[in-house]
Every structure is written in C-alpha cells, then in structure tokens.
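Inside the fold
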Amino acid sequence: MPELPEVEVVRRGLADWAAGRTVTRIDVYHPRAVRRHVAGPVDFARRQTGLRLEPPRRRGKYLWLPLARPDSAEPPADALLAHLGMSGQLLLRSAGEPDEKHLRVRYVFDDDGPELRFADQRTFGHLMVAPLAPAVVGSEPVPEPIAHIAADPMEDAFDVDAFHAALRRRRTELKRALLDQSLISGVGNIYADEALWRARMHGGRLTANLTRPETGRLVAAIRGVMALALDQGGTSFDSLYVNVNGESGYFDRSLEAYGRRDEPCRRCGTPIRRVTFMNRSSYFCPVCQPVPRSRRPRGAHQADAW
DNA sequence: ACTCCCCCCTGTTAGC
DNA sequence: TGCTAACAGGGGGGAG
C-alpha cells in the first residue's frame, strides 16, 4: 500500500530521526530483505558500517539515504536504497523495545539514539546498497538501479508535455500506464483509482487517444489527491502502513472510489463498481467515468473486464 | 522494441 | 467449527 504519499511520510521521518547518524552495526535476519543486494547480506552490512546516513531523498516509491564517510568531504558514492513493497516499515525504536514480529534488518548507531528497523510482513520490500549515478548538471544523483524510473508528479523535473507525448506513443490502457513506473512514478493502485475518479476519466481509455487537456486534468488530479493524502499522513487500512513512529495515516476516510464497491458516488450517487483488472481491484463510477466506446460489450454474452 | 502476465510472500476474511 | 480459497499488491523478469 505505500505509494508516493506514504513513502514521503516515511522519508520525512527519516530526515528527522536517522539523517546525520553513523552506523556501527547492521543485523540482517532474513536474506530476502536484501535479495537485490546481489553481493549478499554480509557485504550489505560491511558497505555501510562506519558510514553516516545523509538526508533521505525520494523518487516515486523509492527512497534512499546517501552514505558519507564521516572523515571525508567527498560526495557519497553509494546510498542505502529502500523500497517498502506491500508491507515494509522503517521504524525508529529504542534498543529496549521488543523486536517486531517481522523484523528483517536492524541498524545500530554510534549515539544513544533509537535503532532503525526494517520490518516487512509480506517481504515484497527490500533494502540494498547501490552506487549513485554521477550527478548531471541541474539534477540530483539517483541510485543506478532506479535510473529507469520516471520522475514523479511532485518533482519539479516532472514534465507534463513529455508525459502526454509518452502516453500518446503507447498502445495500452490508461490505468496500466499510470501504474507503469517508467512513465510516471509513485502512482499505485489506490491513487490511480482516486485520480481517475477526480479527473472523471475511465481507466480503460486508450492512452493513444488522450487529448492534452485530458492529460493536464489527470496530472492535476494525481497531484491534488496526493497532496491531500500527504496532509493526512497517508492511507492506512490496517496497521501495515505506518510512519517511522508506527502511527497510521487517516486518508482512507477521504477515499472517493477505492474500496467503495456499491457505495454511492459522492458526486452523482451512482453505486461505485468494482472490477478485476491486472489481477487487482479497480473501482470507478460508471456514470462520472463512462466506459469508453471501445470497451463496451458488443454482445450480452461477451465477458468484459470493465 | 513494446506489451502483458505470472509470481514472489503472509495474514485476514469470506465462503462452504 | 474448521478447512480452503480468495484477496491485498509492487515490480522484476520472461514470454509473446
């Protein structure tokens, strides 16, 4: 469930409580948590021990903390790169507090401050140490493994015209495109449905047919819903998504489409529909977000996802 | 080159 | 009541 707003909440917590601290020990309890660090858990720990965590950055759903040598002014070559996946949590806990049931990695620092713990029930999240790509003039260095990810809609670097052009080049459906992190990053299943509802557009629309005003409306809807969610600490349906202090956000109360099957659309009263799409749920208002002509069933017998 | 789908996980809940 | 199956879903990687 962590999408851009939830990851940003975590990033802000790390900025307050982890940045500037020097790592003295790292324990990896589950190798799957560092599976993308191909050199393995021992190397993962060795390459951070003695280094200082610099202020966290974020692109889309990824966040990273550059790793600096405490005795050197050289810009960091590597960063601790994190993705929370479905259920990953980065928590700051005093050493005396009991371990989380799904604790995967523990960081201990050279001060008396709290440990940084990575807990992850479903183990879709991961941590790795990754080289930072050389800084290009006017842009920040980004870890190499995420160089293929597009800018997210909250970044200055996000270019709506370029996004529109990329959508027009694609031969796919709009919701698929929104979930494709190489076109726009940070959008997941929940905010895709929320943004489409706000923009009054159907996720089955073909991206090749979008007009420039429609793309503009959609990007404005994504930014709007994400800004609102960030104000409310993100979306949590249960205790799986929490900030670095273990607290849940409450944007779930403000959802207009996601999870509202058969409940009235708050614009027009029509029951919200739920359909299965890409092996996940999609929620939309069939009146405010009309099913595109190309997707309407041509016969009563025809099964149609939308 | 582009598009699409499966699968990796575990805890909760719905259904029989 | 107890079991099974569905569901939640990000994204890598392979198939087509």
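Residues numbered from 1 in each chain as written. Chains lettered and ligands numbered in written order. Predicted model: local features only at pLDDT ≥ 70, side-chain atom pairs only at ≥ 80, totals over all residues. Heavy atoms only, no water.

This brings us to helix 5 (residues 189-199). Counting buried residues in helix 5 gives 10 out of 11 residues, a clear majority hidden from the surface. Among all positions in helix 5, only Asn-189, Ile-190, Tyr-191, Ala-192, Asp-193, Glu-194, Ala-195, Leu-196, Trp-197 and Ala-199 are buried. Packing partners of the buried residues in helix 5 comprise helix 1 (4-17), helix 4 (174-179), helix 6 (212-231) and strand 11 (280-284). A positive phi of about 55° marks Arg-200, the residue just after helix 5. (Buried < 20%, exposed > 50% of the residue type's maximum accessible area, 1.4 Å probe, protein only. Helix = DSSP H or I, 4+ residues; strand = E, 2+ residues; numbered from the N terminus. Contact = heavy atoms within 4.5 Å.)

Neighbouring DNA strand B are the residues Arg-32, Lys-101, His-102, Gln-121, Arg-122, Thr-123, Phe-124, Arg-170, Arg-171, Thr-172, Arg-176 and Asn-279. When atoms of DNA strand B within 4 Å of the protein are split into backbone and base, the sugar-phosphate part holds 77%. Side-chain polar atom of Gln-121 to a sugar or linking oxygen of DNA strand B: 3.4 Å apart, as the coordinates give it. Backbone polar atom of Arg-171 to a phosphate oxygen of DNA strand B: 2.6 Å apart, as the coordinates give it. Residue composition of the surface near DNA strand B, by class: one nonpolar, five polar and six charged. (Near = heavy atom within 4 Å. Polar contact = N/O pair within 3.5 Å; in protein donor to acceptor, adjacent residues only side chain to side chain. Nonpolar A, V, L, I, M, F, W, Y, C, P; charged D, E, K, R; others polar.)

Applying the stated criterion across every chain, the model contains two aromatic pairs. For the pair Phe-158 and Phe-163, a centre-to-centre distance of 5.5 Å together with 55° between the ring planes defines the contact as tilted. The side chain of Arg-21 reaches across the aromatic face of Phe-109, ending 4.0 Å from its centre. It is Arg-267 that lies over the ring of Trp-197; its NZ or CZ is 3.7 Å from the centre. (Phe/Tyr/Trp six-rings, centres within 6.5 Å; stacked < 30°, edge-to-face > 60°. Lys NZ or Arg CZ within 6 Å of the ring centre and 35° of its normal.)

Before going further, it helps to examine the packing of helix 3 (residues 160-169) against helix 6. Axis separation between helix 3 and helix 6 bottoms out at 10 Å; the angle between their running directions is 120°. The way helix 3 lies across helix 6 gives a crossing that is right-handed. Along its contact with helix 3, which presents Val-160, Asp-161, Phe-163, His-164 and Leu-167, the element helix 6 presents Arg-212, Thr-215, Val-219 and Arg-223. When grouped by side-chain class, the residues that make up the contact of helix 3 with helix 6 number four nonpolar, two polar and three charged. (Axes fitted to C-alpha atoms, helices over the stretch in contact; angles between N-to-C directions. Left-handed = near helix turned anticlockwise from the far one by under 90°.)

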